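Residues per chain are reported as follows:
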Amino acid sequence: MKHTTPLILSHFLFLWLIQPIPSHAFDSIFSFGDSHTDTGNINILAKKLARSVYSDNLPYGQTFFHRPSGRYSDGRLIVDFLAEEFGLPYLKPYLGKNGTFRQGANFAVDGATALDPTFFKQHNLTDDVSPVSTSISSQLQWFKELKPKLCQTMKECRDYFGRSLFFVGLIEGRDYIEMYPELRLMMSYAPAIIQIIAGTVKELLDEGARTVVVSRNMPMGCLPSILTALKFRDDKSNSSYDRNTGCIKRYNILSTYHNSLLFKAVKELRVKYREAKIIYADFYGPVMNFVRFPQRFGFTSKPLLVCCGKGGEYNWFPDKMCGSPNVTACQNPSAYLNWDGLRLTEASYRYIARSWLRGPCANPPIIDGHAK
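Residues numbered from 1 in each chain as written. Predicted model: local features only at pLDDT ≥ 70, side-chain atom pairs only at ≥ 80, totals over all residues. Heavy atoms only, no water.

In the annotation of an unreviewed UniProt entry, the entry for the protein chain reads GDSL esterase/lipase, and the organism field reads Rhynchospora pubera. Listed in UniProt under the heading Sequence similarities (unreviewed entry), the comment for the protein chain reads: "Belongs to the 'GDSL' lipolytic enzyme family." (UniProt positions renumbered as here; feature names shortened; annotations may be inferred.)

S.K.: For this particular structure, what's the right way to read the pattern of salt bridges?
M.R.: Pairing between side chains of opposite charge can happen when their charged atoms approach one another. All chains considered together, the criterion is met by 15 salt bridges. Between R163 and D27 there is a salt bridge, and its shortest N-O distance comes to 2.6 Å. One end of the pair, R163, is in the loop between α6 (154-162) and β3 (164-168); the other, D27, is in the loop between α1 (4-17) and β1 (28-32), with 136 residues separating them in the sequence. Among the residues examined, R163 registers a relative accessible area of 38% and is labelled partly exposed. Among the salt bridges present, the one from K147 reaches E207, with a minimum N-O distance of 2.2 Å. With K147 in the loop between α5 (136-146) and α6 and E207 in the loop between α8 (183-206) and β4 (211-215), the pair connects residues that are 60 residues apart, well separated along the chain. The two residues K147 and E207 agree in class, both being buried. (Salt bridge = Lys/Arg side-chain N within 4 Å of Asp/Glu carboxyl O. Helix = DSSP H or I, 4+ residues; strand = E, 2+ residues; numbered from the N terminus. Buried < 20%, exposed > 50% of the residue type's maximum accessible area, 1.4 Å probe, protein only.)

S.K.: When you look at the sheet that holds strand β5 (residues 277-281) in this model, what are you seeing that I'm missing?
M.R.: Two pairing modes exist for strands in a sheet, parallel and antiparallel, and in both the strands are linked by backbone hydrogen bonds. One open sheet holds the six strands; their spatial order is β2-β1-β3-β4-β5-β6, and the pairing between them is mixed. Every interior strand has two partners, whereas the edge strands, β2 (104-106) and β6 (362-363), have only one. By the bridge criterion, three bridges tie β3 to β4 in an arrangement that is parallel. Bridge assignment links F167 to a residue of β4, and that residue is V213. (Pairing = 2+ DSSP bridges.)

S.K.: In this structure, what is going on with the side chain of D282? I would like to understand it.
M.R.: Residue position: D282 is located in the loop between β5 and α11 (284-292). According to the relative accessible area criterion, D282 is buried, its value standing at 14%. Only 2.8 Å separates the side chain of D282 from the backbone nitrogen of G285, close enough to count as a polar contact. With residues up to four places along the chain from it excluded, the contact list for D282 reads R216, W356 and C361. (Polar contact = N/O pair within 3.5 Å; in protein donor to acceptor, adjacent residues only side chain to side chain. Contact = heavy atoms within 4.5 Å.)

If you want it as structure tokens, here you go:
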């Protein structure tokens, strides 16, 4: 009986996903986040720093673009499906500074964090600090730099951004991974991470945004990269795993804790900005449904396996990452939930995007009337 609710939700989600989605107008989209949303900023930044990134290589992009597109997936991301729905072009990476951004811009960067990168160095959590900050505060600053090219007066900006969709995607994953495996440390900094995310949404609303999508964290305990890392640590007991999903229980508890704090912050923002539409978008629920009932969504019966990788129990190993020499992708990426151990396949992103557009995995759904 304890799995009745997920089963009903999964069936309801499937029925909704196969329904056609009506159009609903936004004139532009502005997105923030990490590699789940990045459409090429990391590639541009890497070239400036004379570095290489995996997403510059096939099989990244093979399913839809048929070439590397700067996206860490085999094809389109959630933000791409949102753009398609509203008849907008795919978002250009802001760091390319290429052409006009009247129809939107993507500020998301692979590896971006909520906390400032210097925080991790100061706390001896990493020595790998990029010379260019890509944190959410930096992305917000880039947006403010672009703003004068989009509108001038307060009224003009409110009118323009009132017809825009703002998407604050996943951003906290790298924060927590840098603290891995210290779960207590992760939990202790969750409130600070939420405060930064909520502060970003508040600033966007103050700048004139009226429709903002805020994404929940995904179930980190189901990431093949985290699962593989645990195999090399002392704690390998069966009690670490959820026997129904194979995911690591304590890291999913972290995700649910993060999400509970985020929901509280969203509710507080809704009280202060009653004229705005702040959408609490569920990333955790759909992914858990994919893991619990993979065949309902056309996925392989082993949903924790990686499509593009090599070696290990989950087809993922840190020195054989997707995009590396001699590492190939599965024959049918649409049958897989996970693309490269950290990010999802186009098929997964499509399902999530559709569940956000008209429900049931967004509160309220994106297509539910404009903000007041």
